[in-house]
Amino acid sequence: MKKILLILSICFLVIQCKKSAPKTTILETEDHRTYGILADSAMVVSAREEASKIGLAIMKQGGNAFDAMVATDLSLLVSYPFAGNIGGGGFMVYRLKDGKTGSIDYREKAPLKASRDMYLDKKGNVIPNKSTLGAMAVGVPGTVAGLFEVHKKFGTLPIEKLMQPAIDLATNGVVVTKHQARMLNAYRPLFEKANKRTILLDKEWQVGDTIKYPALALTLTRIKDNGRDEFYKGKTADMLVEYVQSLGGIITKEDLASYEAQWRKPITFDYKGNKIISMSPPSSGGICIGQILKSIEPYNINQYAHNSLEYVQLITEAERRTYADRSEFLGDPDFVHVPIDTLLSPYYLSQRMSDFNWDKATKSTDITYGEITLPESDETTHYSIIDQFGNAVAVTTTINGAYGSKVYVKDAGFFLNNEMDDFSSKPGEPNMFGLLGAEANAIAPQKRMLSAMTPTIVEKEGKLKMVIGTPGGSTIITSVMQNILNVLEYDMTMQESVSQPRFHHQWYPDDIKFETTFDSIIFPALRNKGYNIDQSNSRIIGKVDAILVLPNGKLEGGADPRGDDSAEGF
């Protein structure tokens, strides 16, 4: 008979950053499985304990996953300004208790005064930092519009009740963690450079300090009292526009007043009997994980050991071809035609993999995008929610770089994004994540920039199986994909999966980037086949927060130990 012992708060994994691992439950059985926090009915997994607890509290009060989404999102704004935001945007994929699915796009847009060559000098060269630091990097924010649109369609509790916990959090303050102290202090010089004045966060912060956000509390109170129009047409809009323009930015009140979130049809595809539901363009996430998974599906990857030579080689070659296609074909579907069906077709993908050779690496210089006849984050945060009714949401939201553009609307208490860098400033030139862009993602007024965000839901035999996503810029797609494989192909628990070391390839630069914890035993063999190995600046790749529905119906939260992430359930 199996001996079972439940032990709470165990450090189960030593990872690259010296810190406490998240709370986990170790279920000691004959196979020594490691499980995350377990729950019977509902769960939230997010980047901060405060946000996860607030989202869960909303569901304990009878709210559903969409109510919890609003409360969790705004709590991340307060507790995790590194990426939580009302000055950015995001995507949400949902699955209702009856199996119906959908998604919403509240990605930022280019301002009306934006132009194709706005980041180029007179010689046609990209001006360093112009699309990443300061007021010219800011896209029109969509988060507030997205949250209110979701609440209007699916919310059950009053919006005032959902917003109050974040207001209280901003008023009472947030305790600074080791991670936050390090990041806030590291970015202080850029805060000063972008704002040209002292801002709230411009001091040396220590672990255990409390940061209060009185201006943000007032902003959230105005939004609570006056609705979404407060952010897009009211006093908050005035503050935002006045400050951005004082720094030389081009966002206007007309930009804010005309912003609308868009409901979109998610990308869905089958992988070995599992239905994958993910985000459609202007996110590249759903198409790209679909291309990678369907490219490797014929090879039966589970015949190779996890993170073995063959495993890494096969995935790398699929990623290389997928990111080449991403560069050429993907963009805002309201502006360009995206050939989704072709990009995900088995025939097309088999042709893309036809020159794959187990004996040697395919050089990225020899790979271009596929032949299609057309009829014409690094710093992000993700949270996963399942409610007691059976609804599920996967939400990824961002201001792009760490603290976005570093522009901090002091009188309103929040950072603004630098999402304009996600456009192609110049076709063939890399953005801050090294991703190359083409015409499909060129800058145009009111166009949404291409994203790598990949909020994803997995079904098995018509039943909910997994809710997953991660931050990580260009590595988001590959991190989500590897965790899907960990569970579906290698039968890992959710906590085991998110704790595994990861790797990434994105066509250019032609390197496989490995986390520093990745076992280097396979590196000599990879080099002999012609692969370039890169472990520089690779302490972490993604911070995956996910929920797995176990065979017995219980929920298992996988909170990534690479950060302050937390799973909470009941």
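What you see as residue numbers is a count from 1 along each chain, following the sequence as written. Two thresholds apply to this predicted model, a pLDDT of at least 70 for residue-level local features and 80 or more for giving and counting side-chain atom pairs, whereas whole-chain, interface and lining totals are computed over all residues. Based on all heavy atoms of the structure, the side-chain values leave hydrogens and waters out of the count.

Undergrad: How would you sum up helix α15 (residues 476-488)? Please name residues and give values.
TA: Taking 1.5 Å of rise per residue, the 13 residues of α15 would be expected to cover 18 Å, and the 18 Å separating its terminal C-alpha atoms lies within 8% of that figure. Counting buried positions over the 13 residues of α15 gives 13, a clear majority of the element. Every helix listed is a DSSP run of H or I at least four residues long, and every strand listed is a run of E at least two residues long, numbered separately from the N terminus. Helices are assigned an expected span. That span is 1.5 Å times one less than the residue count. Only protein chains enter the accessibility calculation, which uses a 1.4 Å probe; a residue whose area is less than 20% of its type maximum is buried, one above 50% is exposed, and one in between is partly exposed.

Undergrad: Tell me about the pattern of salt bridges, and name the residues and values.
TA: Should a side-chain nitrogen of Lys or Arg be within 4 Å of a carboxyl oxygen of Asp or Glu, the pair is scored as a salt bridge. In total, this model carries 27 salt bridges according to the counting rule given. Asp325 is paired through a salt bridge with Arg352; the nearest N and O atoms lie 3.1 Å apart. Of this pair, Asp325 sits in helix α12 (residues 309-329) while Arg352 sits in helix α14 (residues 346-352), and the two are 27 residues apart along the sequence. Looking at Arg352, the relative accessible area reads 11%, which means it is buried.

Undergrad: So what's going on with empty space enclosed by the protein? Residues and values would help.
TA: For the second largest cavity, the calculated volume is near 70 Å³. What lines the second largest cavity is Leu77, Pro81, Gly84, Asn85, Tyr213, Leu216, Ile399, Tyr408, Gly413, Phe414 and Phe415. For the lining of the second largest cavity, the class distribution of residues is eight nonpolar, three polar and no charged. Definitions used for this entry: grid spacing 1 Å over protein atoms alone; cavity, a set of points where a 1.4 Å probe fits but cannot get out; pocket, an open set with protein on both sides within 12 Å along at least 5 of 7 lines; lining residue, one with an atom within 4 Å of a point. Grid points are joined across faces, edges and corners, and a volume is the space filled by probe spheres set on the points. Each residue receives one of three labels: charged for Asp, Glu, Lys and Arg, nonpolar for Ala, Val, Leu, Ile, Met, Phe, Trp, Tyr, Cys and Pro, and polar for the others, Gly being one of them.

Undergrad: Run through the packing of aromatic side chains, naming residues and quoting values.
TA: Each Phe, Tyr or Trp ring, with Trp reduced to its six-membered ring, pairs with another whose centre is within 6.5 Å; inter-plane angles below 30 degrees give stacked pairs, above 60 give edge-to-face pairs, and intermediate values give tilted ones. Across all of its chains, the model carries 26 aromatic pairs by this definition. When the ring of Tyr311 is compared with that of Tyr490, the centres are 5.7 Å apart and the planes differ by 75°; the resulting orientation is edge-to-face. Across the pair, exposure class does not vary: Tyr311 and Tyr490 are buried alike. Three or more aromatic residues link up through ring pairs in this structure, and these residues are Tyr80, Phe82, Tyr187, Phe191, Tyr403, Tyr408 and Phe415. Sitting over the face of the ring of Trp263, Lys153 holds its NZ or CZ atom 4.3 Å from the ring centroid. Sitting over a ring, as applied to charges here, requires NZ of Lys or CZ of Arg to be within 6 Å of the ring centre and within 35 degrees of the ring normal. Here the basic side chain of Lys203 rests over the ring of Trp205, its NZ or CZ set 4.3 Å away from the ring centre.

Undergrad: Tell me about the nonpolar core, and name the residues and values.
TA: In plain words, nonpolar cores are sets of buried Ala, Val, Leu, Ile, Met, Phe, Trp, Tyr and Cys residues tied together by side-chain atoms within 4.5 Å. Counting residues in hydrophobic clusters, the biggest one holds 88 residues, and the most contacted among them are Val78 and Phe414. In terms of residue count, the dominant contributor to this core is helix α2 (residues 65-79) (10 residues). In contact with Val78, other than residues within four places in its own chain, are Ala166, Leu169, Ala170, Val174, Tyr213, Leu216 and Leu220. Residues Tyr35, Ala318, Ile477 and Val498 belong to the second largest nonpolar core, which totals 84 residues. Here a residue-residue contact requires only that any non-hydrogen atoms of the pair lie within 4.5 Å.

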